[in-house]
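# Secondary and tertiary structure notes
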Amino acid sequence: MTNVWIRQTRRKAVWGPKRTLAALVVLCVAGLGVSSADAKPQHTRQAPHKTAGAPGAFVKNYKLDDELSDRSNRATAALTTTRVIVTLVPGAKLPGEFKKYALNKSLSLINGEVLDLPNGVLKQLAKHPDVFRVHYDRPIKSHNYRTGIAVGARTIQETMGLTGAGVGVAIIDSGIAAWHDDLTNTTAKLFPYGNQRVAKFVDFVNGRTLPYDDSGHGTHVAGIIAGNGYDSKGEKSGIAPDANLVSLKVLDQDGKGTISNIIAALNWIATNGATYNVRVVNMSVGAGVYESYWTDPLTVATKKLTDKGIVVVAAAGNLGKNAAGQLQYGAITSPANAPWVLTVGASSTMGTLSRNDDEMAAFSSSGPTAFDFESKPDLVAPGVGTVSLAVPGSTLYGTKSAFLLAGKLALGSKPYLALSGTSMAAPVVTGSVALMMQANPKLTPNLVKAILQYTSQQYPGYSSMRQGAGFLNTLGAVRLAKFYVTAKAGDRVPVQKVWSEQILWGSHRLTGGIMKPTANAWANTVVWGSAKTMASTGDNIVWGSMALNGDNIVWGSSTSGDNIVWGTSMVGDNIVWGSAMVGDNIVWGSDCGGADCDNTVWGTSDGDNIVWGSCNAGDNIVWGSSLGDNIVWGTADEDESPVVYPDEVVEPLPSVDLEFGDLVPLVPTTTLTPDPLVTPVDSTVGSIGGF
């Protein structure tokens, strides 16, 4: 295939749904094969190289971000104001002359403050020696039964007795209902808000002290994670129905908010999370990507939590297709673009209990990430037609009335609502993480992601930029997490046939081994994708152990104790770039030769940012047209239009061994001590608002 590039000079490009694409035309001429050996460089200079896990050439060293620089230079600067996030140098406090603009919203997690100040003062603030950076406080929006069966969560609950009990789950969203039957407490634990399983509610929007959800989005998310199915006689229960919920309201009744509210919520978790045993945070919210994740204050704040051992789960976004219905790449939103975040795209159960007919959801955002060119999402989970909790009187209850569903009890209102989006997929993974943490409390965020990817099921026809490592397999992930608690030499690893047995480490696919829980790759402070523990100066990263004939049949069977098959050489496929149009490459630079290059998405003229992709008919890339420019991302105005599958499930429960290649006998919880293990067999590869 030969590529011809035509570029128009333009300062800023706007991409995405409900916007016009005119800055870039990509012409593909099919039928001409190009091999790696035949590929000829199109540049006269070598592309800049990037160290894995370290800032690349697109990480700007600035004081005012691009948006604020523009506002400070406008003729109306003295007459207008902007809400900003100011990060200070270590040990510094907000200079006295700017305190009058402060909103008294401490962001100590990033040593920051929120100010509302005249645009004419922006440059003065940026020049102060105590100020590190000044960021625009960007606006944001809010991004069952079949699901539980399809991912294997029901099997976990029934055969292993794991329900998320004792695990704290923080939900950063629009709040939580003052009352819902499916959130009632059935344990001996006392909760502060009546009989609801809500351990703490904090309102960063209106400052109210009692739980409420005027949007309805946060309650829907909470039900996917931890609803107990009371109003449906257990049928519509969540993934971890006994988990303890911490609700942090950052979105208003329309599902909108600001970056500073989210950071304030993350700040609260960093300070108070241990009190409520918060092990996982759900962020079904997202914002546009305007800079590298190394400098974006939102992604930097999430890194502070993962450093503390808290898993941060984020929705990938709903920008999988543009307004013309074309598949588009590169639309992962923030903070899901950060490598330390567990990023979740959406799949569809197609309204059945079986996994065999599952598909990718068309709206689910694809990678790679803007500026940093990382492989995302990490995996996908069901997010189409998801039935969860409804809140009478909320915005969604009124605007989505056609998708309300009754339960099995006689009530004065309908307790359930069907919604679609990566907002619904993320909490499926969050609930799965809660089950994993109950099974193995020593898991780190990196090891959680590795287990989820390794046990996921890779579906044919979808690239890694669409499905990540594969479709979520909660059953396999929890079993492997539990296995690591007591694993010793000679134990058999509980492999299932559907496991992908791969890890997407940064932008490389690693196969052929098994994770060692003690490996340095899983440390809290190691950035996912790094080659060394401390950027370029630390120890080499070690991931796993020697495998036998592709399967690690017996744990610890290697004759050499330090025989490692995954290491700094990055053995395996490049899944984001390379020198030819082969394999899984989605975007590539002609001079990289397979190396970790920054210059991976532009072509014919040195210095020009020519965006290119897979050249499949109908494909599209959403990045802008000028190197270093502030990229504006299109965002959907609301959740993907919901799908309502038939509410009454009449099909029989699928066979676990057929669905997962599972030879583990299912026995009642009362006799399960410990979880049986099975000899592994070969693997089969088979906005914020509205996510």
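The structure reproduced in this document is the subject of the present report. Just so it is clear, the structure is predicted and the values come from calculations on it, not from any experiment. (Residues numbered from 1 in each chain as written. Predicted model: local features only at pLDDT ≥ 70, side-chain atom pairs only at ≥ 80, totals over all residues. Heavy atoms only, no water.)

### A few points about the packing of helix H10 (residues 445-455) against helix H12 (residues 474-486)
Between H10 and H12, the least distance of the axes is 8 Å, while the angle of their chain directions is 130°. As far as their axial angle goes, H12 and H10 are oblique. Crossing angle aside, the handedness with which H10 passes H12 is right-handed. Residue-level contacts link Ile451, Leu452, Tyr454 and Thr455 of H10 to Gly476, Ala477, Leu480, Ala481 and Tyr484 of H12. (Axes fitted to C-alpha atoms, helices over the stretch in contact; angles between N-to-C directions. Helix = DSSP H or I, 4+ residues; strand = E, 2+ residues; numbered from the N terminus. Parallel < 35°, antiparallel > 145°, perpendicular 65-115°, else oblique. Left-handed = near helix turned anticlockwise from the far one by under 90°. Contact = heavy atoms within 4.5 Å.)

### Some details on the sheet that holds strand S18 (residues 386-389)
Spatial ordering of the open sheet is given by S18-S20-S19, a layout of 3 strands whose pairing is antiparallel. Each end of this open sheet is capped by a strand with a single partner; those strands are S18 and strand S19 (404-405). Strand direction decides the pairing type here: S19 and strand S20 (residues 416-419), joined by 2 bridges, are antiparallel. Across the sheet, residue Leu404 finds its bridge partner in S20, namely Leu417. Along the sheet face, helix H5 (residues 217-226) touches S18 and S20 and points at about 105° away from the line of S18. (Pairing = 2+ DSSP bridges.)

### Comments concerning unusual backbone geometry
Here Ser334 and Pro335 are connected by a cis peptide whose omega angle stands at 10°. Examined against the element boundaries, Pro335 turns out to sit in the loop between strand S14 (328-329) and strand S15 (342-348). At the junction of Gly367 and Pro368, the peptide bond is cis and its omega measures out at -5° in the coordinates. The phi torsion at Asn277 lies on the positive side, around 50°, for a residue other than glycine. Mapped onto the fold, Asn277 is located in the loop between helix H6 (259-272) and strand S12 (278-283). The backbone of Glu501 shows a phi angle near 50°, a positive value even though the residue is not glycine.

### Details of the pattern of salt bridges
Taken as a whole and judged by the stated rule, the model has 11 salt bridges. One salt bridge connects Asp307 with Lys303, and the closest N-O pair in it is separated by 2.6 Å. With a gap of 4 residues between them, Asp307 and Lys303 both fall in helix H7 (residues 297-307), about one helical turn apart. What makes Asp307 partly exposed here is its relative accessible area of 29%. The exposure class assigned to Lys303 is buried, which follows from its relative accessible area of 14%. For Lys488, the salt bridge goes to Asp491, with nearest N and O atoms at 3.5 Å. Owing to a relative accessible area of 52%, Lys488 belongs among the exposed residues under this scheme. Taken together, the shared-partner salt bridges in this structure form one network comprising Glu67, Asp70, Arg71 and Arg74. (Salt bridge = Lys/Arg side-chain N within 4 Å of Asp/Glu carboxyl O. Buried < 20%, exposed > 50% of the residue type's maximum accessible area, 1.4 Å probe, protein only.)

### Digging into the nonpolar core
Ile451, Leu452, Trp505, Met515 and Trp522 are the most contacted members of the largest nonpolar core, which has 88 residues in total. Among the elements that take part in this core, helix H9 (residues 422-439) stands out by supplying 11 residues, more than any other. (Core = buried A, V, L, I, M, F, W, Y, C linked by side-chain atoms within 4.5 Å.)

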